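Understanding the architecture of this molecule
Residue-level listing of the chains:
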Amino acid sequence: MVMKRRDFIRGTAALGAVSTIAAPQLWFKNSGLARAQNGEIKVGVLFSLTGTTGIIEESLNKATILAIEEINAAGGINGMQIVPVVEDPASDPATFAEKARKLVMSDGCVSVFGSYTSASRKAVLPVFEKRENLYWYPTLYEGRECSKNVIYTGAVPNQQQDEFIPWLVQNFGKKFFLIGSNYIYPQEENNYCKKLLEGLGAEVVNEEYVPLGHSEFSSVISKIKSTEPNVIFSTVVGDSVVALHRQYLAAGLDPAKMPMASLTTSENEVAAMGGEAAAGHFTSAPYFMVHKSPENEKFVSAYQARWGADKVTHFVSEPSYFQVYLFKQAVEKLAASDITPPTIREAVKGAEMIAPQGKIRIEKDNLHTWLWPKIAVAKADGQFEVLVDSKEWLAPDPYAAYPDQKCVEAGLTNI
Amino acid sequence: MFDSSAHANPTRNRNRLQLALYLAFCVAIFAVPLFIDDDFLLNRYARYLVLGMVAMALSLSWGYAGILNLGQALSFGLGSYAMAMTLKLKTVPIHTGPDGLPDFMVWNNVETLPWFWVPYQSTAFAIFAGVAVPWALAAILGWFMFRGRITGVFVAIITLAILVVANLLVIDQQRYTGGFNGITDLAQLEILGLEFDAYSKSTYFLVASCLSVCLLGALAITRSKAGLIFQAIRDQEERVRFFGYDVAAYKIMAMSISAAIAGLAGMLYTVVMEFASPTFMDVPLSLSIVIWCAVGGRQSLLGATIGAIVVAGMQGALSESETFLDTWMLVMGLIFVLVVLFLPNGLAGLLDMAGRRLMRRPGALAGGPAPAKGLSGQKAKDQT
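Rules behind the numbers
- Residues numbered from 1 in each chain as written.
- Chains lettered and ligands numbered in written order.
- Predicted model: local features only at pLDDT ≥ 70, side-chain atom pairs only at ≥ 80, totals over all residues.
- Heavy atoms only, no water.
- Domains from an automatic or database assignment.
- Contact = heavy atoms within 4.5 Å.
- Buried area = accessible area lost by both parts, 1.4 Å probe.
- Helix = DSSP H or I, 4+ residues; strand = E, 2+ residues; numbered from the N terminus.
- Expected span 1.5 Å × (residues − 1).
- Buried < 20%, exposed > 50% of the residue type's maximum accessible area, 1.4 Å probe, protein only.
- Arc of directions from axis to C-beta.
- Salt bridge = Lys/Arg side-chain N within 4 Å of Asp/Glu carboxyl O.
- Nonpolar A, V, L, I, M, F, W, Y, C, P; charged D, E, K, R; others polar.
- Core = buried A, V, L, I, M, F, W, Y, C linked by side-chain atoms within 4.5 Å.

Some details on the domain arrangement of chain A
All names here are of chain A. Domain parsing of chain A yields domain 1 (36–155 + 290–372) and domain 2 (159–285). A straight line from the C-alpha centre of domain 1 to that of domain 2 covers 29 Å. Listed as interface residues are 16 residues of domain 1 and, on the opposing side, 15 residues of domain 2. When domain 1 packs against domain 2, the two sides together hide about 1200 Å² of surface, and 62% of this comes from carbon and sulfur. For domain 1, the biggest contributors to the area lost against domain 2 are Leu-140, Glu-142 and Phe-315; these three give 43% of the whole.

Examining helix H6 (residues 153–172) of chain B
Residue and element names in this part refer to chain B. Helix length check: H6 (20 residues) gives 29 Å between terminal C-alpha atoms against 28 Å at 1.5 Å per residue, within 8%. Among the residues of H6, those classed as buried are Val-155, Ala-156, Thr-159, Leu-163, Ala-166, Asn-167, Val-170 and Ile-171. Take H6 and look down its axis: the buried residues cluster within an arc of 130 degrees, on one side only. Facing away from the buried side of H6, by more than 90 degrees, are the exposed residues Val-153, Phe-154 and Leu-168. Those residues of H6 that are buried are in contact with helix H3 (72–88), helix H5 (123–147), helix H7 (174–177) and helix H12 (283–296).

Some points on the interface of chain B and chain A
Every contact between the two is made by 59 residues of chain B and, on the other side, 55 residues of chain A. With both chains or domains summed, chain B and chain A bury close to 5200 Å², and 63% of this area falls on carbon and sulfur atoms. Where chain B packs against chain A, one counts seven salt bridges. Between Lys130(A) and Glu274(B) there is a salt bridge, with its nearest N and O atoms 2.4 Å apart. If you list the elements that add at least two residues to the side of chain B that touches chain A, you get helix H2 (39–64), helix H4 (103–107), H6, helix H11 (247–273), helix H13 (301–320), helix H14 (328–342) and helix H15 (346–360) of chain B. In terms of residue class, the side of chain B that touches chain A is built from 31 nonpolar, 15 polar and 13 charged.

Considering the nonpolar core
Within soluble globular proteins, side chains that are nonpolar tend to cluster in buried spots. The biggest cluster of nonpolar side chains holds 228 residues, and the ones touching the most others in it are Phe327(A) and Ile344(A). Take this core: its biggest share by element is 18 residues, from H2(B). Summarising the domain contributions, this core has at least three residues from each of domain 1 (36–155 + 290–372) and domain 2 (159–285) of chain A. Excluding residues that lie within four positions of it along the chain, Phe327(A) makes contacts with Ile41(A), Val43(A), Ile77(A), Ile82(A), Val110(A), Ser111(A), Phe113(A), Trp136(A) and Ile344(A). Residues Met145(B), Ile233(B), Val247(B) and Ala248(B) belong to the second largest nonpolar core, which totals 20 residues.

Right under this line is the structure:
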């Protein structure tokens, strides 16, 4: 290779520029910080801002930051400010694991708020368990987890289905078509759904799984047409929700006769598909943006004032918001010298607060949350109308589909 | 065939300098724990070293034999899953089904351990499989491609397509693979009573040792007769064929050795990360490996290794600095563009330029360092 002096200088300059950016953070790390020092409490915020789930996770990041800012503006926790350390795990499980380790082991955070997908929660779990730290997970998920290092503030299958399935059978009929994305969450929801349907004497006419991100539903639509179910029970996620609804509309099917009943369609997905495609279909969740309560009005108006009037709140961003207040409530009980993840966990057991969806409680046995199931129908204007508002809050049972196992305070036990 | 006396002194000096650099790198990575006593950083650097290892493996097939294997992440992922399977079978019994059936199989209503999981109850088998399966797969694939004289961009397309198929299969067959979530909740690796906790010096040293052995082993291969033929194939395949060499056999060899090293790296990745995920055998990772190689200098094993470490390190540092939280991807892109424009041979190319300038001064390297002994030993072996 012929080398010119100019090439060499250019190359050196490029390398120099590269290394100046990289070097300081790469080699000098402050480690071993005290947990609550200088009147500050460090917490991690671990939602993807880039990558495939970046859009939805950004809304969770925003809800979390809003809550932290509100608490700090109101004087913090016992006079101490919450300092959020925000990381971008880029929708990649390996990066999730790496950033979680940084937050727990290097930054000295006493808790981390994070994750949308189960895959990312599973990826970060080892460090929280080995280092006795605390992860706050706001998303509805498939259950069957009994970690002592995770506070689960989203719904588990029994909280979304116990009211929903009997209501659907009663109002529409006994023939169910199950459609889901092919991963563990829809499989588990359907395992539980089939259990409920069996008890109600209803039948499953077809059970279908499509790959994640799938957007071509014509064969599914024709199966729906030929099996003529009363209800299409949908646990497809992400962009597939949008495609399925649009193709359902284009095929000329009628939501009044054969509605889709979803556990995953929120205001966020409705905004992406347009109100017309969503109208007439049902969702079961503990929270809808239109829910009427003073706490929710305050949350929605604060959220839109902070992040933009066109932004929606939904059933994952609401737990992202209230779980920071639960954290505050737990830390308030502790002396400044005693703020560690295990003491926070003990303090949060049985804690209650009024969330936008209603009064919630952390179950001391399994660290999941007592929630208020609701059934709502999507409207053409992009919002939902709540049809059934549960009269009682519902206890979380992450092992509902597995009667021989139970999650108790000591850990998972066989019965 | 290979006669060192036929080479002029500068070549020998260059070789000695190169070996000295490689050895210095190995000593340096072993010295890191002496200066850093932070579990988090050791774990992070161990991860970077693993990525360096898989980039080095690609450099062997791409930089030396001209085989652009865009499916490098497949070998990596297969190794990673082999390790995860054996560690999964050793987890706490309460979290598994009857007879230690992995939890995700219970969720998917699988009742007995599938036959291809059974041998993974032995860690020794898993370690063997983590290297042998990628090696065999690459050899079979290479046999079909190179016997059919498929070259250049078509190799890249085929390997990429196989990677995509394998990735879809792993996600789809979740009852046997854990699907989208991968294989999580693993036991700790234990070999002969030694425990490898992901955040310990023992794991760091395990990774550093494997990397050093593979790096020096690969260097020996590139300096052997076979290594020279690899490079000749890369530069002018037809000519090598007319000389009577079995080009396909050499290409299969390059690709399968590279795959075996990537498989080993994948196994270490599971130990360091404490889970296996389909993203470990995904297209973005595979393309990243190519980028690391290009940034470091694909025609240098050490360059590719360092390229991966530098890029992964920068990615971590940039995304963690508050200034770049929203723009770190843009900055990374900009850096890649700069490297491609101004450093077509990567960081190693830059070093090479510097080295040549130094060499031009007479006697600059007179009295080469002692480690050249290993090199001449290698040559002696080749001559026999």
